[in-house]
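Each chain, letter by letter, is given below.
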Amino acid sequence: MGVIKKLPVYLEKIPGGNIVTTTLDYVFSQSRASSLWYLLFGTACCAIELMATGASRYDFDRLGMIFRASPRQSDLIIAAGTITKKMAPRLKLLYDQMAEPRYVIAMGGCTVSGGPFYYDSYAVEKGIDHIVPVDVYIPGCPPRPESLLEGCLTLQKRVKRMKIRDWS
Amino acid sequence: MSEAQGLHTKEFTLNVGPHHPSTHGVCRFVLQMEGEVITSVTPVIGYLHRALEKICENRTYEQIIPITDRFEYCTAMSCNMGFSLATEKLAGLEVPERAEYLRVIMLELNRIASHLIWFGTTSLDLGAITPFLYGFREREDILDMFEMTCGQRLTFNYIRPGGVSKDIPKAFIPVCKKFLDAFSAKVDDYERVLTENPIFIARNKDVGILKPETAIAYSVSGPSLRASGVKYDLRRDDPYSIYDRFDFEIPTRENGDCYDRYIVRIREMRESAKIVRQAIEQIPEGPIRSKVKMNFKPPAGEVYCRVENSRGEMGFYIQSVGEKMPLRVKMRGGSYNQLQVMPVLCVGHKIADLVAIMASMDIIMPDVDR
Ligand code: SF4
């Protein structure tokens, strides 16, 4: 990590360094975008669709997305399923445990806004963007695997646009 | 529990969950451990409490059906069915003959789909990936059939009070027949991967033995009960809908360990396929829904109706005061009791067996937390 952070600083000092930086940007962002490992974080109904997307027919692996059980190894949380008030601190904790750069996809109505429990459930968090920053929202109850794939492609595009300098 | 002389370790507390890949959702266990051996288990629930029962008090009877979908999403059809049965009993609604058959077809297909999820996740928990892919492959075929009928893959909102929402399209029956013809060979495939697999047997045989007395004392129902040798299935013992017209077996086993629960579920998939086949052969023509008024008001009273779903007895208790919304709805799912019995099963086993036992009980959390 240290090298990657300092690299642009070193390179900029040598003449023509900017050109090299852009190329590195390309290499890094391409490779990061095509190996987004996601945290297996499913709480409710949407988790079944997440599993189905990972399984035979839809085959998540071809986007380079493999599930990990530990937040320390993953780049992305796909929050699939209802986040209740009791679960919300746990989601924050998991997010904090992930290494930067990290991304969040809100999958399903529940995580986007509270979904079917928006009006009269005292227990459901009305959207996870109250808790963690969200990169891509996928509406649906549950979203079809195709929408999830589309959401992931959108996130990949976003990751590809990032520069090394943008990393915090 | 303690090992041979001088090998004692200090007891310590271990927290598993709520985010853990093999707790099937957001269940949390607080374990007391002595070395690798579990000495006590305390399940902590409530991480998925969405107040479904409370929401039902603010919805009309037809609006509650989509809420019941979220109650037990692996077998959403049976939730629809349970609530519709209760409403029909309360309001005295008739169900046309064709609708009854459609219901049975969907319920049994959904049972297979749910057991396939169990099959996939169980083997994933025990470290095998191939069965997961196998299971979800056939599940997609079933979901295709649901999708062509009601347009949804998981939360169907299909069975309504008084019938079903849509008729099956023309293409359904050939597709279903094709699926059923191929299915038995597919189940053979599953069995070839796991049933005789020495690793699978070592992980599951004589692990988590559930005695029939314990199972009855804790009100465990469904396949977990039948694996302990109690032949009790609501489809046979308290037939609802038209289950008394079909010919099917109720698989049971004697030992009640994880392996037996596996065998019972596998055999249940075959029996469900048998029921679907009979139903699509006998299905009559006719209307699919009786006349039901919008926002109907059932008379005051209370009713409890139960159906057998893939996790046990699912029941709905409705209390009505003659308004268009119920006064109180209580949902009962099979998983709650299965979670309660977990401490009895796990104590004295190694920590890795907790995962095997949890997987074999097929617990899902919305069913517990509601
Ligand atoms: S969005 Fe719908 S399907 Fe997804 S978790 Fe919420 S209720 Fe379930």
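Residues numbered from 1 in each chain as written. Chains lettered and ligands numbered in written order. Predicted model: local features only at pLDDT ≥ 70, side-chain atom pairs only at ≥ 80, totals over all residues. Heavy atoms only, no water.

Novice: Could you clarify how one ought to interpret the overall build of chain B in this entry?
Specialist: What chain B contains, in helices and strands, is 15 helices and eight strands. Its C-alpha atoms give chain B a radius of gyration of 21 Å, near enough to 21 Å, the size a compact globule of 370 residues would have. In terms of overall dimensions, chain B has a C-alpha envelope of 75 × 45 × 35 Å along the principal axes. Looking at chain B as a whole, 59% of its 370 residues are labelled buried. Within chain B, counting contacts between residues at least 6 apart in sequence, those at least 24 apart form 72% of the total. By element, 51% of the accessible surface of chain B is carried by carbon and sulfur atoms, the whole surface being about 13,600 Å². Of the charged side chains in chain B, 47 are positive and 49 negative; the average position of the first set lies 5 Å away from that of the second. (Helix = DSSP H or I, 4+ residues; strand = E, 2+ residues; numbered from the N terminus. Rg over C-alpha atoms; globule rule 2.2 N^0.38 Å. Buried < 20%, exposed > 50% of the residue type's maximum accessible area, 1.4 Å probe, protein only. Contact = heavy atoms within 4.5 Å. Areas by Shrake-Rupley, 256 points an atom, 1.4 Å probe, with all protein chains shown as cover. Lys, Arg positive; Asp, Glu negative; His and termini not counted. Charge placed at Lys NZ, Arg CZ, Asp CG, Glu CD.)

Novice: In this structure, what is going on with the nonpolar core? I would like to understand it.
Specialist: Soluble globular proteins: nonpolar side chains tend toward being buried together. Judged by nonpolar contacts, the single largest core of 80 residues is most densely connected at Leu109, Tyr158, Phe246 and Tyr262 of chain B. Per element, the largest residue contribution to this core is 12 residues, and it comes from helix 4 (residues 97–125) of chain B. Those residues in contact with tyrosine 158 of chain B that lie beyond four places of it in its chain are Met77, Asn80, Leu102, Met106, Thr149, Cys150, Val164, Ser165 and Lys166 of chain B. Ile48 and Val134 of chain A together with Ile38 and Ala215 of chain B belong to the second-largest nonpolar core, a separate cluster that totals 58 residues. (Core = buried A, V, L, I, M, F, W, Y, C linked by side-chain atoms within 4.5 Å.)

Novice: Is there a simple way to think about the packing of aromatic side chains in this case?
Specialist: Each aromatic ring pair is characterised by the separation of its centres together with the angle its planes make. Residue and element names in this part refer to chain B. The final tally for this structure, using the stated rule, is 18 aromatic pairs over all chains. A centroid spacing of 5.7 Å and a plane angle of 25 degrees characterise the contact between tyrosine 61 and phenylalanine 296, whose relative ring orientation is stacked. Highlighted residues: tyrosine 61 in helix 2 (residues 61–71) and phenylalanine 296 in the loop between helix 11 (258–282) and strand 6 (301–309), separated in sequence by 235 residues. A residue is classified by how much of its surface remains accessible, and tyrosine 61, at 1% relative accessible area, is buried. A relative accessible area of 9% places phenylalanine 296 in the buried class. Here the aromatic rings of phenylalanine 132 and phenylalanine 136 are separated by 4.8 Å at their centres, their planes lie at 50 degrees, and the arrangement is tilted. Separated by four residues within a single helix, phenylalanine 132 and phenylalanine 136 lie in helix 5 (residues 130–150), roughly one turn from each other. Comparing phenylalanine 132 with phenylalanine 136 shows no difference in burial state: the two are buried. Cluster of aromatic residues (ring-pair linked, three or more members): Trp118, Phe119, Tyr190, Phe200, Tyr259 and Tyr262. (Phe/Tyr/Trp six-rings, centres within 6.5 Å; stacked < 30°, edge-to-face > 60°.)

Novice: Can you walk me through the layout of surface pockets in this structure?
Specialist: As a volume, the largest pocket reaches approximately 780 Å³. If you trace the largest pocket, you find 41 residues lining it, with Leu40 and Met51 of chain A together with Pro21, Thr121 and Leu124 of chain B closest to the centre. Elements that contribute at least two residues to the lining of the largest pocket include exactly helix 3 (45–54) of chain A together with helix 4 and helix 5 of chain B. Split by residue class, the lining of the largest pocket holds 27 nonpolar, nine polar and five charged. (1 Å grid on protein atoms, 1.4 Å probe; cavity = no way out; pocket = protein on both sides within 12 Å on 5 of 7 lines; lining within 4 Å. Points joined across faces, edges and corners; volume = space filled by probe spheres on them. Nonpolar A, V, L, I, M, F, W, Y, C, P; charged D, E, K, R; others polar.)

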